[in-house]
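Listed below are the residues making up each chain.
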Amino acid sequence: MAHKNFGKKGWLQPMPVAIIGTYNADGTPNAMNAAWVGEWDATQITISLSKHTSTANINANMEFTVALANKENMVAADYVGITPASKDPDKVATCGWTVEKAEFVNAPVFTNFPLTLECKVAEIVGQTEVGGGCNLIADVVNARCEEAYLDENGNPDLDKIQILCFDTIGLKYRVMGEVVGNAFKDGAQLSK
């Protein structure tokens, strides 16, 4: 079978579109679209960050929220990613998002998003502070899901949520797709 080499590409898919929520120094909520997010382990996430208002806010407070964007919020999620706080100091108001204070960290929750993680910085890798090209590892102290997006067992329903993913190959947004199997179960068919 023929193939084509592309060189150094970190094309791990799907990559969730994550909206980082912080408070600015004056107390206004700030939002940033961060595509380079993943699970570090079962109770931690990792985010690759460069210098932004949000990273300065995280540096000052070491607490933030991560809302997983969905199809319904795609346009606004993209807006907070392409518009710096210096150009629009109240991006959250421009997007029309409803905000409340997180229960477990000092950061805003954008209630327009179905699933939000409340986080505290555990470790900064690559720098002595957040920003300027570092990775941070954060403890998830609470995961909250709006009740309208729960399944019959009371868990987040990814079909209802329609999590938005960033396609780094085609530079597009995609919605997480159909269920095709059961993890930690279907492979047992090959057991002898």
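What counts and what doesn't
Residues numbered from 1 in each chain as written. Predicted model: local features only at pLDDT ≥ 70, side-chain atom pairs only at ≥ 80, totals over all residues. Heavy atoms only, no water. Helix = DSSP H or I, 4+ residues; strand = E, 2+ residues; numbered from the N terminus. Rg over C-alpha atoms; globule rule 2.2 N^0.38 Å. Contact = heavy atoms within 4.5 Å. Areas by Shrake-Rupley, 256 points an atom, 1.4 Å probe, with all protein chains shown as cover. Lys, Arg positive; Asp, Glu negative; His and termini not counted. Charge placed at Lys NZ, Arg CZ, Asp CG, Glu CD. Pairing = 2+ DSSP bridges. Axes fitted to C-alpha atoms, helices over the stretch in contact; angles between N-to-C directions. Core = buried A, V, L, I, M, F, W, Y, C linked by side-chain atoms within 4.5 Å. Buried < 20%, exposed > 50% of the residue type's maximum accessible area, 1.4 Å probe, protein only. pLDDT = per-residue confidence, 0-100. Salt bridge = Lys/Arg side-chain N within 4 Å of Asp/Glu carboxyl O.

Secondary structure assignment for the protein chain yields four helices and eleven strands. For the protein chain, whose C-alpha radius of gyration is 18 Å, the value lies close to the compact-globule estimate of 16 Å for 192 residues. In the protein chain, the share of contacts with a sequence separation of at least 24, taken over all contacts with a separation of at least 6, comes to 58%. Accessible surface, the protein chain as shown: approximately 11,400 Å² in total, 53% of it carbon and sulfur. Side chains of the protein chain give 15 positive and 23 negative charges; the mean places of these two sets differ by 11 Å.

Taking strand neighbours across the sheet as the criterion, the seven strands line up as S2-S1-S5-S8-S9-S4-S3 in an open arrangement whose pairing is antiparallel. Two strands close off the open sheet at either side, each with one partner strand: strand S2 (29-34) and strand S3 (37-41). Neighbour to neighbour, the strand axes of the sheet diverge by 35° on average, direction disregarded. Where strand S1 (residues 18-23) lies against strand S5 (residues 63-68), four bridges are found, and the strand directions are antiparallel. Residue pairing in the sheet places Gly21 in a bridge with Thr65 of S5. Contacts between helix H2 (residues 74-82) and the sheet are confined to S1 and S2, with S2 contributing the most and set at about 95° to the helix.

Turning next to the pairing of strand S9 (residues 134-145). Bridge count between strand S4 (residues 44-49) and S9: six bridges; the pairing is antiparallel. Residue pairing for S9: Ile47 is matched across the bridge by Leu136. Pairing geometry for strand S8 (residues 115-125) and S9, over ten bridges, is antiparallel. Looking at S9, one finds that Val125 is bridged to Asn135.

Counting residues in hydrophobic clusters, the biggest one holds 18 residues, and the most contacted among them are Ile20, Ile47, Phe64, Val66 and Leu136. Broken down by secondary-structure element, the contributors of at least two residues to this core are S1, S2, S4, S5, S8 and S9. Grouped together as the second largest cluster of nonpolar side chains are 17 residues, Ala35, Ala69, Val80 and Trp97 included.

Confidence in the prediction of the protein chain, expressed as mean pLDDT, is 91, and 97% of residues score 70 or more. Averaged over each element, pLDDT in the protein chain is lowest for helix H1 (residues 53-61) (89) and highest for strand S7 (residues 108-110) (98).

Turning our eyes to something else, we now look at the pattern of salt bridges. Applying the stated criterion across every chain, the model contains four salt bridges. Measuring nitrogen to oxygen at the nearest pair gives 3.1 Å for the salt bridge that ties Arg144 to Glu100. Taken together, the positions of Arg144 in strand S9 and Glu100 in strand S6 (residues 99-101) put the pair 44 residues apart, joining distant regions of the chain. According to the relative accessible area criterion, Arg144 is buried, its value standing at 14%. Across the pair Arg144 and Glu146 runs a salt bridge, and its minimum N-O distance is 3.2 Å. Take Glu146: its relative accessible area is 24%, and that puts it in the partly exposed class. Several salt bridges converge on common partners, so that one network encompasses Glu100, Arg144 and Glu146.

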